[in-house]
Amino acid sequence: RGKRAFIAGIADDNGYGWAIAKSLAAAGAEILVGTWVPALNIFETSLRRGKFDESRVLPDGSLMEITKVYPLDAVFDTPEDVPEDIKSNKRYAGSSKWTVKEVAECVKEDFGSIDILVHSLANGPEVSKPLLETSRYGYLAAVSASSYSYVSLLKHFVPIMNPGGASISLTYIAAERIIPGYGGGMSSAKAALESDTKVMAFEAGRKHRVRVNTISAGPLRSRAAKAIGFIDMMIDYSSENAPLQKELAAEEVGNAAAFLASPLASAITGTVLYVDNGLNAMGVGV
Ligand code: NAI
């Protein structure tokens, strides 16, 4: 039987989630997607109208199939957590069962189990503010959407993950080094994500034989990255200073994720894998 993957955090064909889905599909996996509720309508419409067909092409010429798209808002764990203003929000009212617990239950009902869980989402309302100007609300919101969202996803999905399964998230070098401009507590959120990767590797490994790793990715011009506002500068900086002087393709991160999810990586867990043209290894730019 082929493997089944659930990828949380795809709403267009530009981000890392989409590229990971493609690499997993090319390796024969069945693809399930979790899409942020407010972005669901446009994503599904674009998919149906063929807007993504060119980017759905796999190396063998076939088109990536997405078996099912689930609405998801990873800052809410159960229906009891959802406040009134969100419940009655037009963009949410049209969908149902989109809290983390409910999505895991729906996937269990539809497919029974999964083998691969991917967390490719982040959000920080104050990302463009320096840390010293970030409010408590902004900081906690960044950690809720970008770090705890992963703890919650794994918590709810690991019971339906087959032994030998793998989980992957996306992190950024700002967790461990100073990256001016990556503010609002987003650097803090990535530091939490990297630490949680180790602890969850232990807990999910011992209890479920599931591996947990994170990819520290170089800069990509995704929708989320454009919102931060410094992405073109980071791409130029990397091309100038990294050991490999080329622009990073999303596909390169997708392929690394497919490796980490595969039996080729059967002894790798609790690690941060850099997929960044080697930029992390530089001490000074030259
Ligand atoms: P993206 O915009 O393709 O993906 C972010 C996704 O998160 C979007 O689809 C958005 O709808 C979703 N999202 C936001 N809040 C959500 C919520 N509450 N519930 C469910 N989904 C939610 O952008 P990108 O850059 O591909 O981001 C994917 C991951 O890669 C993120 O963790 C990001 O921090 C990480 N990353 C990105 C880098 C870059 O330069 N683009 C560099 C290093 C890491």
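Residues numbered from 1 in each chain as written. Predicted model: local features only at pLDDT ≥ 70, side-chain atom pairs only at ≥ 80, totals over all residues. Heavy atoms only, no water.

Draft legend 1. Structural view of unusual backbone geometry. Here the phi dihedral of Lys97 falls at roughly 55°; this positive angle occurs in a residue that is not glycine. With respect to the helices and strands, the residue Lys97 is situated in the loop between α4 (90-93) and α5 (100-111). Residue classification places Lys97 among the partly exposed positions, given a relative accessible area of 48%. Look at Asn277: it is not a glycine, yet its phi comes out positive at around 60°. Locating Asn277 in the fold gives a position in the segment after β7 (272-275). (Helix = DSSP H or I, 4+ residues; strand = E, 2+ residues; numbered from the N terminus. Buried < 20%, exposed > 50% of the residue type's maximum accessible area, 1.4 Å probe, protein only.)

Draft legend 2. Examining the site of the ligand more closely. Lining the immediate environment of the ligand, one finds 28 residues, of which Tyr16, Asp73, Lys190, Leu220 and Ser222 sit closest. Within the contact set of the ligand, a nitrogen atom lies 3.4 Å away from a side-chain nitrogen or oxygen of Trp36. One of the side-chain nitrogen or oxygen atoms of Asn123 is found 3.4 Å away from a nitrogen atom of the ligand. For the ligand, whose free accessible area comes to 820 Å², the fraction covered by protein is 93%. Breaking the shell around the ligand down by element, the ones donating at least two residues are β5 (161-171) and α8 (223-228). (Near = heavy atom within 4 Å. Polar contact = N/O pair within 3.5 Å; in protein donor to acceptor, adjacent residues only side chain to side chain. Areas by Shrake-Rupley, 256 points an atom, 1.4 Å probe, with all protein chains shown as cover.)

Draft legend 3. Summary view of the layout of surface pockets. Its boundaries defined by the atoms lining it, the second largest pocket holds a volume of some 460 Å³. Ile173, Ile178, Ile179, Tyr237 and Leu279 are the residues nearest the centre of the second largest pocket, which is lined by 20 residues in total. Top contributing element to the lining of the second largest pocket by residue count: helix α9 (residues 231-241), with three residues. In the lining of the second largest pocket, the residues fall into 13 nonpolar, five polar and two charged. (1 Å grid on protein atoms, 1.4 Å probe; cavity = no way out; pocket = protein on both sides within 12 Å on 5 of 7 lines; lining within 4 Å. Points joined across faces, edges and corners; volume = space filled by probe spheres on them. Nonpolar A, V, L, I, M, F, W, Y, C, P; charged D, E, K, R; others polar.)

Draft legend 4. Layout of helix α2 (residues 37-48). The terminal C-alpha atoms of α2 lie 17 Å apart, and with twelve residues this matches the ideal 16 Å at 1.5 Å per residue to within 8%. When α2 is considered as a whole, its buried residues turn out to be Val37, Pro38, Ala39, Leu40, Phe43, Thr45, Ser46 and Leu47. On its buried face, α2 sits against α1 (16-26), β2 (30-36), β3 (66-72) and α4. Directly beyond the C-terminal end of α2, a positive phi value near 85° is found at Gly50. (Expected span 1.5 Å × (residues − 1). Contact = heavy atoms within 4.5 Å.)

Draft legend 5. Expanded view of the packing of α1 against helix α10 (residues 250-261). As a packed pair, α1 and α10 sit with axes 7 Å apart at the nearest point and diverge in direction by 55°. With respect to α10, the axis of α1 lies oblique. In the crossing of α1 with α10, the sense of the turn from one axis to the other is right-handed. Across the interface between the two elements, Tyr16, Ala19, Ile20, Ser23 and Leu24 of α1 pack against Ala250, Glu251, Val253, Gly254, Asn255, Ala257, Ala258 and Ala261 of α10. Among the residues forming the contact of α1 with α10, the class breakdown is nine nonpolar, three polar and one charged. (Axes fitted to C-alpha atoms, helices over the stretch in contact; angles between N-to-C directions. Parallel < 35°, antiparallel > 145°, perpendicular 65-115°, else oblique. Left-handed = near helix turned anticlockwise from the far one by under 90°.)

Draft legend 6. Focus on the pattern of salt bridges. All chains considered together, the criterion is met by ten salt bridges. Among the ionic pairs, Arg56 bridges to Asp53, the shortest N-O distance being 2.8 Å. With relative accessibility at 13%, the residue Arg56 sits in the buried group. Across the salt bridge formed by Asp110 and Lys68, the nearest N and O atoms sit 2.8 Å from each other. Separated by 42 residues along the polypeptide, Asp110 in helix α5 and Lys68 in strand β3 bring together distant segments of the chain. Residue Lys68 is classed as partly exposed on the basis of its relative accessible area, which comes to 34%. Sharing partners across several salt bridges, the network here consists of Asp53, Arg56 and Glu65. (Salt bridge = Lys/Arg side-chain N within 4 Å of Asp/Glu carboxyl O.)

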